[in-house]
Amino acid sequence: MLKAVIFDMDGVLVDTERFYFQRRMKYFNEHQIEPGSRDEAAYFGLSNENVWRLLVPDEQQRTKIKTDYEAHLKQLPINYVDHLNEGVIEALDTLERGNIKIALASAGQKNEIERMLYECYLDHYFSQVLSGEELAHNKPHPEIYQVSVEKLGFQKSECLVIEDSPTGILSAKQAGLTVWAKQAEVNQTQADQIFNHFGTLNEYFKSII
């Protein structure tokens, strides 16, 4: 019996991955810096730390460029409301009406997770919010999902994870959880199910609650 659903954030609740990628590439192009990779999919689901390792392999250069980029970000903040995926609120409403616990487990920065939840008026749905940056190991290590399940107080078989990236899917599977993936142009073969729209996911929730 389903008792809890644990959502990833970027690429799942909010369609942000392309925005982040284009914003990074614009900065690198303007500053005539060649990034470590221009493959958009390579950045999907990575923690901020691992994004920067991929962008700038040299540690000394990385520190300098990252500091300048973070100042640059203040001029180009993401508007999370514009990127909220269609059908998210309806799916969360269904879970709330069914007394299903809702949690969030993201590799992203805690301040950005909290800002997204606040700006999109989603914070009241979530009984638990975890950032991988708060833990000893971020995704793809399973720690974030292990801790989430432990805090929820349910069995792994009673929890469902909603992910999108190979990194996130691997993290949840290594924690022994069932994973549904929101369809994206990345390798999702390790997921138990793939869905293309939150309407489909919501219909599933309605059928079992």
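Our structure's up above, just so we're on the same page.
My aim in this report is to walk through the structure given alongside it, one point at a time. What you are looking at is a predicted structure, and each value in this text was computed from that prediction instead of being measured.

A separate point is the packing of aromatic side chains. Scanning the entire structure with this criterion turns up 12 aromatic pairs. Aromatic pair Phe-28 and Trp-52: ring centres 6.2 Å apart, planes at 40 degrees, arrangement tilted. In this pair, Phe-28 sits in helix 1 (residues 17–30) while Trp-52 sits in helix 2 (residues 48–55), placing the two residues 24 residues apart along the sequence. Trp-52 carries the same exposure label as Phe-28, and that label is buried. Following the ring pairs from residue to residue traces out a cluster consisting of Phe-7, Phe-126, Trp-180, Phe-195, Phe-198, Tyr-204 and Phe-205.

Now for the nonpolar core. It is characteristic of soluble globular proteins that their nonpolar side chains tend to be buried jointly. Counting residues in hydrophobic clusters, the biggest one holds 31 residues, and the most contacted among them are Phe-7, Met-116, Leu-122, Phe-126 and Ile-162. Looking at this core element by element, the count peaks at 4 residues for helix 5 (residues 88–97). Setting aside chain neighbours within four positions, we find Leu-122 in contact with Leu-84, Val-88, Ile-89, Leu-92, Met-116 and Leu-117. Grouped together as the second largest cluster of nonpolar side chains are 19 residues, Ala-105, Leu-130, Val-161 and Ala-181 included.

Moving on: the packing of helix 1 against helix 2. Packed helix pairs are specified by the crossing angle of their axes together with the interaxial distance, meaning the distance between the axes. Packing of helix 1 against helix 2 leaves a shortest axis separation of 13 Å and a crossing angle of 35 degrees. The handedness of the crossing between helix 1 and helix 2 is right-handed. Here Arg-24, Met-25 and Phe-28 of helix 1 come into contact with helix 2, specifically with Val-51, Trp-52 and Leu-55. Split into classes, the residues belonging to the contact of helix 1 with helix 2 amount to 5 nonpolar, no polar and 1 charged.

Okay, helix 7 (residues 143–152) next. Burial runs high along helix 7: 7 of the 10 residues are buried. Taken together, the buried positions of helix 7 are occupied by Glu-143, Ile-144, Tyr-145, Val-147, Ser-148, Val-149 and Leu-152. Residues of helix 7 that are buried make contact with strand 1 (4–7), strand 2 (101–106), strand 3 (128–131), strand 4 (159–163) and helix 8 (166–174). Just past helix 7, the residue Gly-153 takes up positive phi, approximately 80 degrees.

Take the packing of helix 5 against helix 9 (residues 198–208) next. Between helix 5 and helix 9, whose axes approach to 9 Å, the crossing angle comes to 10 degrees. Here helix 5 lies roughly parallel to helix 9, going by the angle between them. The segment helix 5 lies against helix 9, with Val-88, Glu-90, Ala-91, Thr-94 and Leu-95 engaging Phe-198, Asn-202, Phe-205 and Lys-206. Taken together, the residues of the contact of helix 5 with helix 9 sort by class into 5 nonpolar, 2 polar and 2 charged.

What follows covers the environment of Leu-152. Its place among the elements puts Leu-152 in helix 7. On a C-alpha basis, the gap between Leu-152 and Glu-40 in space is 34 Å, while along the polypeptide they are 112 residues apart. If near-sequence neighbours (up to four positions away) are discounted, Leu-152 is found in contact with Ala-4, Ile-6, Lys-101, Ala-103, Ser-127, Gln-128 and Cys-159.

With that out of the way, let us pick up the sheet that holds strand 5 (residues 178–182). In spatial order, the strands read 3-2-1-4-5-6; together these 6 strands make up an open sheet with parallel pairing. Either end of the sheet is taken by a strand with one partner, and the two such strands are strand 3 and strand 6 (193–195). With direction set aside, neighbouring strand axes in the sheet form an average angle of 20 degrees. Where strand 5 lies against strand 6, 3 bridges are found, and the strand directions are parallel. What sits directly across from Trp-180, in strand 6, is Gln-193. Its contacts with the sheet place helix 8 against strand 4 and strand 5, and it is angled at close to 170 degrees to strand 5.

Calculation notes
- Residues numbered from 1 in each chain as written.
- Predicted model: local features only at pLDDT ≥ 70, side-chain atom pairs only at ≥ 80, totals over all residues.
- Heavy atoms only, no water.
- Phe/Tyr/Trp six-rings, centres within 6.5 Å; stacked < 30°, edge-to-face > 60°.
- Helix = DSSP H or I, 4+ residues; strand = E, 2+ residues; numbered from the N terminus.
- Buried < 20%, exposed > 50% of the residue type's maximum accessible area, 1.4 Å probe, protein only.
- Core = buried A, V, L, I, M, F, W, Y, C linked by side-chain atoms within 4.5 Å.
- Contact = heavy atoms within 4.5 Å.
- Axes fitted to C-alpha atoms, helices over the stretch in contact; angles between N-to-C directions.
- Left-handed = near helix turned anticlockwise from the far one by under 90°.
- Nonpolar A, V, L, I, M, F, W, Y, C, P; charged D, E, K, R; others polar.
- Parallel < 35°, antiparallel > 145°, perpendicular 65-115°, else oblique.
- Pairing = 2+ DSSP bridges.

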